[in-house]
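The primary structure of each chain is shown beneath.
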Amino acid sequence: MSANIKVMLVDDHAVVRMGFKLLLESDQAIQVIAEAESGEQAIKLYQEYRPDVVVMDITMPGIGGLEAIDRIRAKDEHARILVLSAHEDSVHPKRVLNAGAMGYLTKRSAAEELIKAIHTVAGGKMYLEANVAQQMAIQQISGQQNPVDVLSDREFEVFMALAKGKTTNEIADILSLSPRTVGTHLYNIKQKLNASNSAEIALIAMRSGLIDP
(Lines give C-alpha, C1' and ligand atoms only; values in the text may rest on other atoms or scores of the structure.)
Protein backbone atom coordinates (compact mmCIF):
# COMPACT_ATOMS: atom_id res chain seq x y z
CA MET A 1 0.00 0.00 0.00
CA SER A 2 1.47 3.37 -0.92
CA ALA A 3 1.63 6.20 1.60
CA ASN A 4 -1.44 8.38 1.28
CA ILE A 5 -1.35 10.53 4.42
CA LYS A 6 1.34 13.19 4.17
CA VAL A 7 2.38 14.47 7.58
CA MET A 8 4.40 17.45 8.79
CA LEU A 9 5.98 17.14 12.25
CA VAL A 10 6.44 20.30 14.32
CA ASP A 11 8.51 20.07 17.51
CA ASP A 12 11.52 22.04 18.69
CA HIS A 13 13.40 18.88 19.76
CA ALA A 14 15.11 17.07 16.86
CA VAL A 15 15.31 13.79 18.83
CA VAL A 16 11.56 13.88 19.51
CA ARG A 17 10.85 14.50 15.80
CA MET A 18 13.12 11.64 14.81
CA GLY A 19 11.37 9.29 17.24
CA PHE A 20 7.93 10.25 16.00
CA LYS A 21 9.01 9.99 12.36
CA LEU A 22 10.25 6.41 12.86
CA LEU A 23 7.09 5.58 14.75
CA LEU A 24 4.72 7.05 12.14
CA GLU A 25 6.50 5.55 9.17
CA SER A 26 5.98 2.09 10.67
CA ASP A 27 2.46 2.63 9.27
CA GLN A 28 2.69 2.23 5.49
CA ALA A 29 -0.16 4.68 4.93
CA ILE A 30 1.76 7.56 6.56
CA GLN A 31 4.66 9.52 5.11
CA VAL A 32 6.47 12.33 6.95
CA ILE A 33 7.15 14.89 4.23
CA ALA A 34 8.36 17.85 6.30
CA GLU A 35 9.68 18.75 9.75
CA ALA A 36 9.68 22.13 11.49
CA GLU A 37 11.32 23.17 14.74
CA SER A 38 9.30 26.34 15.39
CA GLY A 39 5.91 27.89 14.76
CA GLU A 40 7.43 30.31 12.24
CA GLN A 41 9.02 27.47 10.26
CA ALA A 42 5.79 25.45 10.43
CA ILE A 43 3.84 28.28 8.75
CA LYS A 44 6.44 28.60 5.99
CA LEU A 45 6.71 24.84 5.35
CA TYR A 46 2.95 24.37 5.46
CA GLN A 47 2.61 26.72 2.48
CA GLU A 48 5.39 24.85 0.67
CA TYR A 49 4.39 21.22 1.32
CA ARG A 50 0.63 21.36 2.00
CA PRO A 51 0.61 18.26 4.26
CA ASP A 52 -2.62 16.35 4.91
CA VAL A 53 -2.03 16.46 8.66
CA VAL A 54 0.18 18.66 10.85
CA VAL A 55 1.31 17.01 14.09
CA MET A 56 2.33 19.91 16.31
CA ASP A 57 3.70 20.55 19.78
CA ILE A 58 2.47 23.81 21.29
CA THR A 59 5.27 24.69 23.71
CA MET A 60 8.02 26.01 21.46
CA PRO A 61 10.25 29.09 21.39
CA GLY A 62 9.20 31.97 19.14
CA ILE A 63 5.53 32.41 18.31
CA GLY A 64 4.62 29.01 19.80
CA GLY A 65 2.06 26.46 18.67
CA LEU A 66 -1.16 28.32 19.46
CA GLU A 67 -0.20 31.29 17.33
CA ALA A 68 1.07 28.95 14.59
CA ILE A 69 -2.31 27.16 14.51
CA ASP A 70 -4.07 30.54 14.19
CA ARG A 71 -1.82 31.64 11.32
CA ILE A 72 -1.90 28.35 9.39
CA ARG A 73 -5.71 28.27 9.69
CA ALA A 74 -5.91 31.90 8.54
CA LYS A 75 -4.09 30.90 5.33
CA ASP A 76 -5.92 27.58 4.90
CA GLU A 77 -9.14 27.03 6.83
CA HIS A 78 -9.11 23.34 5.83
CA ALA A 79 -5.74 22.71 7.53
CA ARG A 80 -5.89 19.57 9.66
CA ILE A 81 -3.83 20.02 12.80
CA LEU A 82 -3.31 17.44 15.53
CA VAL A 83 -1.67 18.74 18.69
CA LEU A 84 0.72 16.43 20.50
CA SER A 85 1.59 18.03 23.82
CA ALA A 86 3.11 17.28 27.20
CA HIS A 87 0.26 19.21 28.89
CA GLU A 88 -2.34 16.97 30.52
CA ASP A 89 -4.72 19.65 31.80
CA SER A 90 -8.05 20.63 30.22
CA VAL A 91 -7.08 24.26 29.53
CA HIS A 92 -4.57 23.65 26.72
CA PRO A 93 -6.83 21.30 24.69
CA LYS A 94 -9.69 23.79 24.94
CA ARG A 95 -7.44 26.55 23.61
CA VAL A 96 -6.06 24.55 20.70
CA LEU A 97 -9.52 23.35 19.66
CA ASN A 98 -10.81 26.93 19.83
CA ALA A 99 -7.87 27.93 17.62
CA GLY A 100 -9.03 25.37 15.05
CA ALA A 101 -6.97 22.25 15.77
CA MET A 102 -8.81 18.98 15.07
CA GLY A 103 -7.29 16.84 17.77
CA TYR A 104 -5.31 16.68 20.98
CA LEU A 105 -3.09 13.94 22.35
CA THR A 106 -0.61 13.93 25.22
CA LYS A 107 2.94 12.79 24.51
CA ARG A 108 2.56 9.85 26.87
CA SER A 109 -0.20 8.29 24.74
CA ALA A 110 0.56 4.95 23.06
CA ALA A 111 2.07 4.75 19.58
CA GLU A 112 -1.04 3.06 18.15
CA GLU A 113 -3.20 5.90 19.46
CA LEU A 114 -1.10 8.52 17.67
CA ILE A 115 -1.38 6.60 14.39
CA LYS A 116 -5.14 6.18 14.90
CA ALA A 117 -5.47 9.90 15.66
CA ILE A 118 -3.64 10.84 12.44
CA HIS A 119 -5.93 8.58 10.37
CA THR A 120 -9.00 10.08 12.10
CA VAL A 121 -7.92 13.70 11.59
CA ALA A 122 -6.86 12.97 7.98
CA GLY A 123 -10.41 11.72 7.44
CA GLY A 124 -11.77 15.08 8.60
CA LYS A 125 -12.93 13.95 12.05
CA MET A 126 -11.97 15.26 15.50
CA TYR A 127 -9.81 13.16 17.81
CA LEU A 128 -9.38 13.72 21.55
CA GLU A 129 -7.45 11.49 23.90
CA ALA A 130 -9.97 9.85 26.29
CA ASN A 131 -8.51 11.33 29.50
CA VAL A 132 -8.45 14.82 28.04
CA ALA A 133 -12.00 14.51 26.67
CA GLN A 134 -13.20 13.32 30.09
CA GLN A 135 -11.56 16.24 31.90
CA MET A 136 -13.07 18.72 29.46
CA ALA A 137 -16.52 17.12 29.77
CA ILE A 138 -16.40 17.20 33.58
CA GLN A 139 -15.40 20.85 33.53
CA GLN A 140 -18.21 21.69 31.12
CA ILE A 141 -20.87 19.76 33.05
CA SER A 142 -19.85 21.25 36.39
CA GLY A 143 -19.96 24.70 34.76
CA GLN A 144 -16.52 25.50 36.14
CA GLN A 145 -15.03 28.49 34.44
CA ASN A 146 -11.25 28.42 34.52
CA PRO A 147 -9.93 31.88 35.42
CA VAL A 148 -7.34 31.74 32.63
CA ASP A 149 -10.06 31.36 29.96
CA VAL A 150 -10.29 35.18 29.86
CA LEU A 151 -6.73 35.51 28.53
CA SER A 152 -5.96 35.86 24.82
CA ASP A 153 -3.67 33.20 23.30
CA ARG A 154 -0.66 35.51 23.50
CA GLU A 155 -1.46 36.48 27.09
CA PHE A 156 -1.85 32.81 27.93
CA GLU A 157 1.65 32.04 26.61
CA VAL A 158 3.13 34.92 28.63
CA PHE A 159 1.13 33.75 31.67
CA MET A 160 2.53 30.21 31.36
CA ALA A 161 6.11 31.50 31.08
CA LEU A 162 5.60 33.77 34.11
CA ALA A 163 4.11 30.90 36.11
CA LYS A 164 7.27 28.90 35.38
CA GLY A 165 9.39 31.67 36.88
CA LYS A 166 10.68 33.34 33.71
CA THR A 167 11.60 37.04 33.80
CA THR A 168 10.22 39.66 31.42
CA ASN A 169 13.45 39.66 29.40
CA GLU A 170 13.56 35.86 29.21
CA ILE A 171 9.93 35.79 28.02
CA ALA A 172 10.71 38.47 25.42
CA ASP A 173 13.55 36.24 24.16
CA ILE A 174 11.50 33.02 24.11
CA LEU A 175 8.46 34.54 22.38
CA SER A 176 10.43 36.91 20.10
CA LEU A 177 8.69 39.96 21.54
CA SER A 178 10.07 43.24 22.87
CA PRO A 179 10.30 43.50 26.70
CA ARG A 180 7.89 46.42 26.44
CA THR A 181 5.25 44.26 24.70
CA VAL A 182 5.71 41.56 27.36
CA GLY A 183 5.24 44.28 29.99
CA THR A 184 1.93 45.28 28.37
CA HIS A 185 0.76 41.64 28.32
CA LEU A 186 1.83 41.28 31.95
CA TYR A 187 -0.18 44.34 32.94
CA ASN A 188 -3.28 42.99 31.14
CA ILE A 189 -2.84 39.53 32.70
CA LYS A 190 -2.66 40.99 36.21
CA GLN A 191 -5.74 43.11 35.53
CA LYS A 192 -7.77 40.22 34.11
CA LEU A 193 -6.78 37.71 36.78
CA ASN A 194 -6.76 40.21 39.64
CA ALA A 195 -3.20 39.14 40.49
CA SER A 196 -0.67 41.58 41.91
CA ASN A 197 2.58 39.65 41.46
CA SER A 198 4.30 36.62 39.92
CA ALA A 199 3.67 34.45 42.99
CA GLU A 200 -0.09 34.94 42.63
CA ILE A 201 0.16 34.15 38.91
CA ALA A 202 2.01 30.90 39.72
CA LEU A 203 -0.67 30.03 42.28
CA ILE A 204 -3.46 30.52 39.71
CA ALA A 205 -1.53 28.29 37.27
CA MET A 206 -1.20 25.60 39.96
CA ARG A 207 -4.88 25.73 40.89
CA SER A 208 -5.76 25.44 37.19
CA GLY A 209 -3.63 22.30 36.95
CA LEU A 210 -1.27 24.01 34.48
CA ILE A 211 1.93 23.56 36.48
CA ASP A 212 2.89 21.11 39.19
CA PRO A 213 2.89 22.38 42.78
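Residues numbered from 1 in each chain as written. Predicted model: local features only at pLDDT ≥ 70, side-chain atom pairs only at ≥ 80, totals over all residues. Heavy atoms only, no water.

**Student:** Describe in detail the nonpolar core, supporting the description with residues and values.
**Tutor:** Counting residues in each nonpolar core, the largest one holds 51 residues, and the members touching the most others are Met56, Ile69, Ile81, Val96, Phe156 and Phe159. A per-element tally of this core places helix H7 (residues 153-163) first, with seven residues. Excluding anything up to four places from it in sequence, phenylalanine 156 contacts Leu66, Val91, His92, Arg95, Val148, Leu151 and Leu210. In this structure, Val32, Ala117, Val121 and Ala122 belong to the second largest nonpolar core, which totals 20 residues. (Core = buried A, V, L, I, M, F, W, Y, C linked by side-chain atoms within 4.5 Å. Buried < 20%, exposed > 50% of the residue type's maximum accessible area, 1.4 Å probe, protein only. Helix = DSSP H or I, 4+ residues; strand = E, 2+ residues; numbered from the N terminus. Contact = heavy atoms within 4.5 Å.)

**Student:** Mind laying out the packing of helix H1 (residues 14-24) against helix H5 (residues 111-122), listing which residues take part and the relevant values?
**Tutor:** With their axes 10 Å apart at the nearest point, H1 and H5 run at an angle of 75 degrees to one another. Put simply, H1 runs roughly perpendicular to H5. When H1 is examined against H5, the residues Phe20, Leu23 and Leu24 are found in contact with a partner set consisting of Ala111, Leu114, Ile115 and Ile118. Looking at the contact of H1 with H5 residue by residue, the classes come out as seven nonpolar, no polar and no charged. (Axes fitted to C-alpha atoms, helices over the stretch in contact; angles between N-to-C directions. Parallel < 35°, antiparallel > 145°, perpendicular 65-115°, else oblique. Nonpolar A, V, L, I, M, F, W, Y, C, P; charged D, E, K, R; others polar.)

**Student:** Provide a residue-level description of the packing of H7 against helix H9 (residues 179-193), including the pertinent values.
**Tutor:** Following both chains from N to C, one finds H7 and H9 inclined at 90 degrees, their axes separated by 9 Å at the closest point. Taken together, H7 and H9 sit at an angle that is classed as roughly perpendicular. Of the residues in H9, those in contact with Arg154, Glu155, Val158, Phe159 and Leu162 of H7 are Val182, His185, Leu186, Asn188, Ile189, Lys192 and Leu193. Here the contact of H7 with H9 is composed, by residue class, of seven nonpolar, two polar and three charged.

**Student:** Quick rundown of the pairing of strand E4 (residues 81-85)? Include the residues and the values.
**Tutor:** The element E4 is extensively covered by neighbouring structure, given that five of its five residues are classed as buried. Here E4 shows a buried face lined by Ile81, Val83 and Ser85 and a second buried face lined by Leu82 and Leu84. Of the pairings in the sheet, the one linking strand E3 (residues 53-56) to E4 comprises three bridges and is parallel in character. Residue methionine 56 lies in a different strand from E4, and its bridge partner there is valine 83. Tracing the backbone out of E3, into helix H3 (residues 64-75) and back to the parallel element E4 gives a crossover that is right-handed. Strand direction decides the pairing type here: E4 and strand E5 (residues 103-106), joined by four bridges, are parallel. When the bridges of E5 are listed, serine 85 appears paired with threonine 106. Once you follow E4 into helix H4 (residues 91-98) and on to E5, the crossover reads as right-handed. (Pairing = 2+ DSSP bridges. Right-handed = clockwise from strand over helix to strand, strands pointing away.)

**Student:** Outline the sheet that holds strand E2 (residues 30-36), supporting the account with residue identities and numerical values.
**Tutor:** Strand order across the open sheet formed by six strands is E2-E1-E3-E4-E5-E6, with parallel pairing between neighbours. Each having just a single partner strand, E2 and strand E6 (127-128) make up the two edges of the open sheet. Sheet topology note: the E5/E6 ladder contains two bridges and is parallel. Bridge pairing links glycine 103 to tyrosine 127 in E6. Each of strand E1 (5-10), E2, E3, E4, E5 and E6 touches H5; the most contacted strand, E4, lies at about 155 degrees to it.

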